[in-house]
Amino acid sequence: TTEGIPEEIEAIEKKATQENPTDRYESVQEFIQDLEKYQDNLKVSAKEYGLLETLAKWAKRNKQKITVVLLIVILSIGLFSYFQWLRYQEMQKTHQEKQNKVHVLLQKAKESQILSINLSEDTKQVLSQKVQYSLTALNYLNEALSLIPYEASIEEEKLKIGKELIRLSCKT
């Protein structure tokens, strides 16, 4: 290429001055169209373009469209990032609230355990006696249930659960 002369102009000039008339422009109108295409940053018929050259020409012609699309993409990424950040903040808050609840519950469990240890011996005996009476009553109910036909199995399950709850409360 001649220095300072664009490739398209050289290609147009070369096609217009071909030795063989069949390789030249078919008409002056076709020649003028190529020059106008060059001015409008379109592909001229006298030159073959690669993919990158074609994209570069398109980008030069569509600067406003590209700018708008890039702004939309950047804005979308910004909004997405902002909403992800808000979601992360909410998750952190929820996690902190759960940790606080666990801390409070553990503290209450420790306090109730300390209270049960600090009960006087008289109170412990009274509670133990009440539990013993409840177990005796459950045993009588269980014996009565054994005399009832098998259809009462649901009630039997309820009694088992009640017994287990009472046993667990006796251990504390």
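Predicted model only: the values in this text are computed from it and were never measured.

When its secondary structure is counted, the protein shows six helices and zero strands. Going from N to C terminus, the protein has its helices and strands arranged as α-α-α-α-α-α. For the protein, with 172 residues in total, the buried portion stands at 10%. As displayed, the protein has an accessible area near 14700 Å², and 60% of this comes from carbon and sulfur atoms.

With that out of the way, let us pick up the side chain of Lys47. Here Lys47 shows up in the loop between α2 (28-39) and α3 (51-61). Looking at Lys47, its side chain comes within polar contact range of the side chain of Glu53, at 3.0 Å. Leave out the neighbours within four places in its chain, and Lys47 touches Glu7, Glu8, Ala11 and Glu53.

What follows deals with a nonpolar patch on the surface. A cluster of nonpolar residues, Leu75, Leu79, Tyr82, Phe83, Trp85 and Leu86, forms a patch on the protein surface that exposes about 640 Å² of accessible area. Note on placement: Phe83 falls in helix α4 (residues 63-117).

Here the focus is the confidence of the model for the protein. Here the protein averages 80 in pLDDT, and 67% of its residues register 70 or above. Here helix α6 (residues 153-171) stands out as the element of the protein with the lowest mean pLDDT, 63, in contrast to α2, whose mean of 93 is the highest.

Interaxial distance between helix α1 (residues 7-16) and α2 falls to 10 Å at its minimum, and their mutual angle equals 175°. Between α1 and α2, the angle is such that the two are roughly antiparallel. Facing α1, whose interface residues are Glu8, Ile9, Ile12, Lys15 and Ala16, α2 presents Glu30, Phe31, Asp34, Leu35 and Tyr38. Across the contact of α1 with α2, the residue classes tally to six nonpolar, no polar and four charged.

Before going further, it helps to spend a moment on α1. Looking only at α1, the buried set comprises Glu8, Glu10, Ala11, Ile12 and Lys15. Packed against the buried residues of α1 are α2 and α3.

The rules behind the values
- Residues numbered from 1 in each chain as written.
- Predicted model: local features only at pLDDT ≥ 70, side-chain atom pairs only at ≥ 80, totals over all residues.
- Heavy atoms only, no water.
- Helix = DSSP H or I, 4+ residues; strand = E, 2+ residues; numbered from the N terminus.
- Buried < 20%, exposed > 50% of the residue type's maximum accessible area, 1.4 Å probe, protein only.
- Areas by Shrake-Rupley, 256 points an atom, 1.4 Å probe, with all protein chains shown as cover.
- Polar contact = N/O pair within 3.5 Å; in protein donor to acceptor, adjacent residues only side chain to side chain.
- Contact = heavy atoms within 4.5 Å.
- Patch = residues over 30% accessible without salt bridge, like charges linked within 9 Å, V, L, I, M, F, W, Y side chains within 5 Å.
- Salt bridge = Lys/Arg side-chain N within 4 Å of Asp/Glu carboxyl O.
- pLDDT = per-residue confidence, 0-100.
- Axes fitted to C-alpha atoms, helices over the stretch in contact; angles between N-to-C directions.
- Parallel < 35°, antiparallel > 145°, perpendicular 65-115°, else oblique.
- Nonpolar A, V, L, I, M, F, W, Y, C, P; charged D, E, K, R; others polar.

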